[in-house]
Amino acid sequence: MGHRILFHISHKKALEVLVWLASNKSMINIYHIAKVLFYADKIHMNAYGRPILGDTYYKYPYGPAPSTILHMVYQKTEFFSPRQIEAFNASIRVVKEQYVSISAKREPDLQYFSQSDLDALQESLDTYGDLSFDEIFHLTHKEKCYIATEDQQPIDYALMLDNDNPHRDSILENMTESSRYITM
């Protein structure tokens with residue numbers, strides 16, 4: 001298939017995605033954050049030929065997880081500049097109880113989103129945001145991209161495209177040519 005398709009994430013957009021999620025689902029936990037974003041990126045990529053976030057998803061035992069988002073929520077400060085840490089702390093409250101959850105300290109800055117981004121995020125949140133851990137676990141573990149990826153390895157965005165997508169070949173061609181140059 002050639003080179004793995006990965007994107008460069010915008011930390012500003014990643015923060016706004018977290019603020020958007022926390023504004024739309026109070027105290028959303030890290031597991032639901034990861035899975036809602038995975039499915040939002042998958043939905044958007046199949047419909048519009050690009051992900052929303054472009055984070056690098058890894059195959060972990062509990063399903064696909066976006067690495068930069070995890071680092072942000074778990075406050076892994078070694079991955080971020082002091083300005084990024086300050087922006088996160090001014091925007092998101094992290095609560096560490098039974099599960100790590102977040103709440104928003106402000107409204108999301110919608111200039112970072114297209115309407116299709118917001119629609120896919122809402123569709124994913126509506127579809128997966130209230131499912132139980134077990135329900136999401138079983139769904140994600142049946143995904144082609146999860147099955148085809150080695151443990152603890154990045155998931156190739158090409159594998160997130162549905163086989164029956166009528167635009168699959170053209171999306172793959174465009175993503176293969178441009179993904180390494182695009183910051184979402």
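Figured I'd write up the structure that's included with this text. (Residues numbered from 1 in each chain as written. Predicted model: local features only at pLDDT ≥ 70, side-chain atom pairs only at ≥ 80, totals over all residues. Heavy atoms only, no water.)

### Brief notes about the sheet that holds strand β1 (residues 28–29)
So, point 1. Overall, antiparallel pairing links the three strands, which are arranged β1-β5-β4 in an open sheet. Two strands bound the open sheet, and with one partner strand each, they are β1 and β4 (92–96).
So, point 2. Sheet contacts for helix α1 (residues 11–24): β1, β4 and β5 (100–104); angle to β5, the most-contacted strand, approximately 90°.
So, point 3. In the packing of helix α4 (residues 82–91) onto the sheet, contacts are made with β4 and β5, and the angle to β4 comes to roughly 75°. (Pairing = 2+ DSSP bridges. Helix = DSSP H or I, 4+ residues; strand = E, 2+ residues; numbered from the N terminus. Contact = heavy atoms within 4.5 Å. Axes fitted to C-alpha atoms, helices over the stretch in contact; angles between N-to-C directions.)

### Some remarks on the environment of Arg168
So, point 1. Locating Arg168 in the fold gives a position in helix α8 (residues 168–178).
So, point 2. Taking the C-alpha atoms as reference points, Arg168 and Asn46, separated by 122 residues in sequence, lie 7.7 Å from one another.
So, point 3. Excluding anything up to four places from it in sequence, Arg168 contacts Lys144, Ala158, Leu161, Asp162 and Asn163.

### Observations concerning the pattern of salt bridges
So, point 1. Inspection of the entire model under this criterion finds seven salt bridges.
So, point 2. In this structure, Glu143 and Lys42 form a salt bridge, with 3.3 Å as the shortest nitrogen-oxygen distance. Linking Glu143 in the loop between α6 (133–140) and α7 (144–148) with Lys42 in helix α2 (residues 30–48), this pair joins segments that are 101 residues apart in sequence. Neither Glu143 nor Lys42 differs from the other in exposure class; each is buried.
So, point 3. With its nearest N and O atoms 3.1 Å apart, the salt bridge here joins Arg50 to Asp117. (Salt bridge = Lys/Arg side-chain N within 4 Å of Asp/Glu carboxyl O. Buried < 20%, exposed > 50% of the residue type's maximum accessible area, 1.4 Å probe, protein only.)

### Some thoughts on the layout of surface pockets
So, point 1. The calculated volume of the largest pocket comes to roughly 300 Å³.
So, point 2. Around the largest pocket, the lining comprises 15 residues; the ones closest to its centre are Ile30, Tyr31, Tyr62, Tyr74 and Phe133.
So, point 3. Residue assignment for the lining of the largest pocket shows that the elements contributing at least two residues are α2 and β3 (63–66).
So, point 4. Counting residues per element, the lining of the largest pocket draws most heavily on α2, which supplies five residues.
So, point 5. When grouped by side-chain class, the residues that make up the lining of the largest pocket number 11 nonpolar, three polar and one charged.
So, point 6. In this structure, the second largest pocket occupies an estimated 200 Å³ of space. (1 Å grid on protein atoms, 1.4 Å probe; cavity = no way out; pocket = protein on both sides within 12 Å on 5 of 7 lines; lining within 4 Å. Points joined across faces, edges and corners; volume = space filled by probe spheres on them. Nonpolar A, V, L, I, M, F, W, Y, C, P; charged D, E, K, R; others polar.)

Everything listed here is a matter of coordinates, which is why it stays silent on function.
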